[in-house]
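The residues making up each chain are set out below.
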Amino acid sequence: MKKCDRPSWSEYFMSITELVAQRSTCIRRKVGAILVRDKRIIATGYNGAPSGIKHCLDVGCLREQMGIPSGERHELCRGLHAEQNSIIQAALHGTSIEGATLYCSNMPCSICSKMLINARIVEIFFKEGYADPLASDMLTEAGIPYHQI
C-alpha cells in the first residue's frame, strides 16, 4: 500500500487562507486569515470594506489615489485587514480566540499585531512578508512566535 502525501497542519491551514483571500475586495492585495484552535477553524477573515460600505472594487482605491505606499498610513483605507475581520467575526459569534493560532497570507501589520497580542493569540504563521518592522518587534517582545512558511 502506497502512503498518500498529506499536507502538514500548517500547510493545510495556509492553503485555506489563500481560498479565503479570494473573497477580498481590495484592489492592491488580497489577504486571507484564519484563526485556529485545537486544529479547528474558529473564524475567518479577508480584507475589504466594512459591511454596507462600497467596496474599493466599486469606487477605486483611496490609498492608490493618494499615493500612499504599502505599509504606511493604515488608517487611510476603506478596508479592514483580514486579521481584523477574523477577530470581529469571532466576537460577533461569541467565540473566544484566546489561545488560538493565526494563519494569514501576509505578515500582520503593527495595528493587527497589537490586536492579536491583546487577543492572546499564541502563534502566527504567514506566507508573505510585510514592510512593517514595528509589527515584528512587538510580536517578539510579547513572546508570540511567528513563522514564514
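Scroll up a little and you will see the structure.
**Thoughts on the nonpolar core**
Of all hydrophobic cores here, the largest spans 20 residues; its most connected members are L35, I97, L102, L116, I121 and I124. Ranked by residues supplied to this core, first place goes to helix α4 (residues 82-92) with three residues. Counting residues in each nonpolar core, the second largest holds eight residues, with M14, V20, I34 and Y103 among its members.

**Quick word on the sheet that holds strand β4 (residues 123-128)**
Through backbone hydrogen bonds, the strands of a sheet pair up, either in parallel or in antiparallel fashion. Reading across the sheet, the five strands line up as β2-β1-β3-β4-β5 and stay open at both edges, with mixed pairing between neighbours. Each edge of the sheet is formed by a strand with only one pairing partner; in this case those strands are β2 (40-46) and β5 (146-148). The sheet shows a mean angle of 20° between the axes of neighbouring strands, direction not considered. Strand direction decides the pairing type here: strand β1 (residues 32-37) and strand β3 (residues 101-106), joined by four bridges, are antiparallel. What sits directly across from A33, in β3, is C104. Its contacts with the sheet put helix α1 (residues 9-21) on β1, β2, β3 and β4, and the angle it makes with β1 is roughly 140°. Those strands touched by α4 are β1, β2 and β3, and its axis lies near 130° from that of β2.

So, how was this worked out
- Residues numbered from 1 in each chain as written.
- Predicted model: local features only at pLDDT ≥ 70, side-chain atom pairs only at ≥ 80, totals over all residues.
- Heavy atoms only, no water.
- Core = buried A, V, L, I, M, F, W, Y, C linked by side-chain atoms within 4.5 Å.
- Buried < 20%, exposed > 50% of the residue type's maximum accessible area, 1.4 Å probe, protein only.
- Helix = DSSP H or I, 4+ residues; strand = E, 2+ residues; numbered from the N terminus.
- Pairing = 2+ DSSP bridges.
- Axes fitted to C-alpha atoms, helices over the stretch in contact; angles between N-to-C directions.
- Contact = heavy atoms within 4.5 Å.

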